[in-house]
Amino acid sequence: MPSLIDLRRRIRAVKSTQQITKAMKMIAASRLKRAQDRVVAARPFAQRMLRVLNSLVRRVEGDAHPLLRAPEAGSGRTLLIVITADRGLCGSFNANVIKAAGQFAARETSEGRAIALGLIGRKGRDFFRRRGFDVRYEQVGIFQRLSFAHAAEIANGAIDAFTSGEVSSVYLVYNEFKSVMSQKLVVERLLPIARLDEESSRGPTTDYLYEPSPGEIFTELLPRHVQAQVYRALLESNAAFYAAQMTAMDAASRNSAEMIENLTLYMNKVRQAAITREIIEVVSGAAAT
Amino acid sequence: MALPPKILLEVVTPDRAVVREEVDEIQLPGSEGYFGVLPGHTPLLATLKPGDLWYRIGHDKRVLTVAGGFVEVLPDHVTVLAEQGETAPA
């Protein structure tokens, strides 16, 4: 049976852990709010961009632009951009992305395509760097001051690799922010650009004047569209991270509360047992005299 | 067709919506030269170069600096998608 002092010490340890997890939960909650706002703020830009691209795509020959060209099937190299977080203590957030990336890599390899990785976030980098993958580039610590410039840099790297023929397609894997309680793992193709005319059927088409020509505007816009998509993925991942961390820390705080309760109960029992024993000793001592 | 009295100007960057206002006149830094937009302008899509964009509400003239992007002009609605946009200090 553990002594009273041992139990007290353990309770104190659990309590201080709980304080930390509680504080982390609060911090995650406030950062989540900000991250969510940014996701919402980025939406109009992406939507307008898509609308304008849709109006353009019908004026330009479909496969004219290299970013739209489909790769020859079953050949070449695939670039997978893995977006994880820089920090842990967020449940299965990073593990899920890493697992999906690993499966994706295995599938590509089995189909005869080489795989290259672009790693965003420290957790993913630490995992894949040790395992002998072909790592093209890595970005660590961008989530603290996330800006469009980061997304542009990542997107431009992918575009360069794609247009130079070094890779035949580019995929993104990241956590999408569904709600505070759940994240959705997403694997999506970034390049070649899939279908732009997703919603071209609805809405009237406007006849625009173009300055410069439609083709030139199109060429100008496509890279921006890719950048905006990467930016959105980064923002989603960032919001999802704080949501996951908040949930994880909330669970941890609740678990430690439960642990404290059990330990306190146990401690009281031990104390009561000690008191009872002492009384018996006193009584039997008195009876003996 | 009657001309719309005002234009709704929206300036959007990836981070936020910078401006959303009913204005009387806009001048934009198009990549092939500055151009002005009044209510009832014919639909136009143009790319922008980095520069100053100004707009007028009544007699009040305001200036924004935008970098990289494009603009969609409709008779009563102008949407500027810029990579960066800052209001110039007054």
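Residues numbered from 1 in each chain as written. Chains lettered and ligands numbered in written order. Predicted model: local features only at pLDDT ≥ 70, side-chain atom pairs only at ≥ 80, totals over all residues.

A.B. asks: Explanation requested: the overall build of chain A in the structure shown.
C.D. replies: Within chain A one finds five helices and six strands. Counting helices and strands in the order they occur from the N terminus, chain A gives α-β-α-β-α-β-α-β-β-β-α. A compact globule built from 289 residues should have a C-alpha radius of gyration of about 19 Å, whereas chain A, at 28 Å, is more than 25% larger. When its C-alpha atoms are laid out on the principal axes, chain A stretches across 115 × 40 × 30 Å. (Helix = DSSP H or I, 4+ residues; strand = E, 2+ residues; numbered from the N terminus. Rg over C-alpha atoms; globule rule 2.2 N^0.38 Å.)

A.B. asks: Even after reading the chapter, I still don't get helix α2 (residues 93-110) of chain A, so can you show me in this structure?
C.D. replies: Note on helix geometry: an α-helix contains 3.6 residues per turn, so any two residues three or four positions apart are oriented the same way. Residues and elements named next belong to chain A. Compared with the 26 Å implied by 1.5 Å per residue over 18 residues, the 26 Å span of α2 between its first and last C-alpha is a close match. Restricting attention to buried positions, one finds in α2 the residues Phe93, Asn94, Val97, Ala101 and Ala105. On an axial view of α2, the arc spanned by its buried residues comes to 90°, and they lie on one face. Seen from the open side of α2, the exposed residues pointing more than 90 degrees away from its buried face are Gln103, Ala106, Arg107 and Ser110. Residues of α2 that are buried sit in contact with β1 (77-83), β2 (114-120), α3 (122-129), β4 (169-177), β5 (183-191) and α5 (214-288). The positive-phi residue at the C-terminal boundary of α2 is Gly112, with phi of around 85°. (Expected span 1.5 Å × (residues − 1). Buried ≥ 20, exposed ≤ 12 C-beta atoms within 10 Å, placed from the backbone. Arc of directions from axis to C-beta. Contact = placed C-beta atoms within 7 Å.)

A.B. asks: Can you help me understand the nonpolar core in this one?
C.D. replies: Across soluble globular proteins, you tend to see nonpolar side chains buried next to one another. All names here are of chain A. By size, the foremost hydrophobic cluster in this structure holds 86 residues, and its most contacted members are Ile81, Val82, Ile83 and Ala158. Residue contributions to this core peak at 20 residues, all from α5. The residues contacting Ile81, other than those within four sequence positions of it, are Gly118, Ile120, Ile154, Ala158, Val170, Tyr171 and Leu172. (Core = buried A, V, L, I, M, F, W, Y, C linked by C-beta atoms within 7 Å.)

A.B. asks: Explain the interface of chain A and chain B here, please?
C.D. replies: If you look at the interface, chain A gives 20 residues, while chain B gives 21 residues. Elements with a minimum of two residues in the side of chain A that touches chain B: α1 (4-57), β6 (209-211) and α5 of chain A. When residues of the side of chain A that touches chain B are assigned to their parent elements, the largest contribution, seven residues, is made by α1(A). Considering only residue class, the side of chain A that touches chain B consists of 15 nonpolar, one polar and four charged. (Nonpolar A, V, L, I, M, F, W, Y, C, P; charged D, E, K, R; others polar.)

A.B. asks: What is the right way to read the pairing of β2(A) from this model?
C.D. replies: Looking down a regular strand, the side chains alternate between one sheet face and the other. All names here are of chain A. Counting buried positions along β2 yields five of seven residues, so the element is predominantly enclosed. Note that β1 and β2 share seven bridges and pair parallel. Across the sheet, the residue bridging to Leu79 is Ala116, located in β2. At this point the chain moves from β1, through α2, to the parallel β2, and the crossover so formed is right-handed. Two strands pair when backbone bridges link them, and β2 and strand β3 (residues 134-139) are joined in this way by five bridges, in the parallel orientation. (Pairing = 2+ DSSP bridges. Right-handed = clockwise from strand over helix to strand, strands pointing away.)

A.B. asks: Can you walk me through the domain arrangement of chain A in this structure?
C.D. replies: The figure often quoted for interface size is the accessible area lost as the parts come together. All names here are of chain A. For chain A, the assigned domains read domain 1 (4-25 + 248-288) and domain 2 (27-247). Taking only C-alpha atoms into account, the centre of domain 1 sits 50 Å from that of domain 2. Taken together, the seven residues of domain 1 in the interface contact 10 residues of domain 2. Secondary structure elements with two or more residues in the side of domain 1 that touches domain 2: α1 and α5. Looking at the side of domain 1 that touches domain 2, the element that brings in the most residues is α5, giving four residues. Per-class residue counts for the side of domain 1 that touches domain 2 are five nonpolar, no polar and two charged. (Domains from an automatic or database assignment.)

A.B. asks: What exactly am I supposed to notice about the sheet that holds β3(A) here?
C.D. replies: Picture the strands of a sheet paired through backbone hydrogen bonds; they go either parallel or antiparallel. All names here are of chain A. Within the open sheet, the five strands sit side by side as β3-β2-β1-β4-β5. Their pairing is mixed. For this open sheet the edge positions go to β3 and β5, each flanked by a neighbour on one side alone. Looking at each pair of strands side by side, their axes are set apart by 20° on average, direction ignored. Across the sheet, α5 lies against β1, β4 and β5, angled at about 35° from β4, the strand it touches most. (Axes fitted to C-alpha atoms, helices over the stretch in contact; angles between N-to-C directions.)

A.B. asks: Help me understand the confidence of the model for chain B in this model?
C.D. replies: Any residue range with low pLDDT should be treated as having predicted coordinates unsuitable for detailed reading. Residue and element names in this part refer to chain B. Mean pLDDT over chain B works out to 87, with 96% of the residues at or above the 70 mark. The lowest-confidence element of chain B is strand β8 (residues 77-87), averaging 86 in pLDDT; the highest-confidence one is strand β3 (residues 25-30), averaging 92. ipTM for the predicted complex: 0.78, alongside a pTM of 0.84. (pLDDT = per-residue confidence, 0-100.)

A.B. asks: Would you mind going over the packing of helix α4 (residues 148-163) of chain A against α5(A) with me for this structure?
C.D. replies: Relative placement of two packed helices is described by the angle separating their axes and the distance separating the axes. Residue and element names in this part refer to chain A. It is at 8 Å that the axes of α4 and α5 come closest, and there the two elements cross at 125°. Classified by the interaxial angle, the pair formed by α4 and α5 is oblique. Handedness of the crossing formed by α4 with α5: right-handed. For the pair α4 and α5, contact is made by Phe148, His150, Ala151, Ala152, Ile154, Ala155 and Ile159 and by Pro223, Val226, Gln227, Val230, Tyr231 and Leu234, respectively. Partitioning the contact of α4 with α5 into residue classes produces 11 nonpolar, two polar and no charged. (Parallel < 35°, antiparallel > 145°, perpendicular 65-115°, else oblique. Left-handed = near helix turned anticlockwise from the far one by under 90°.)

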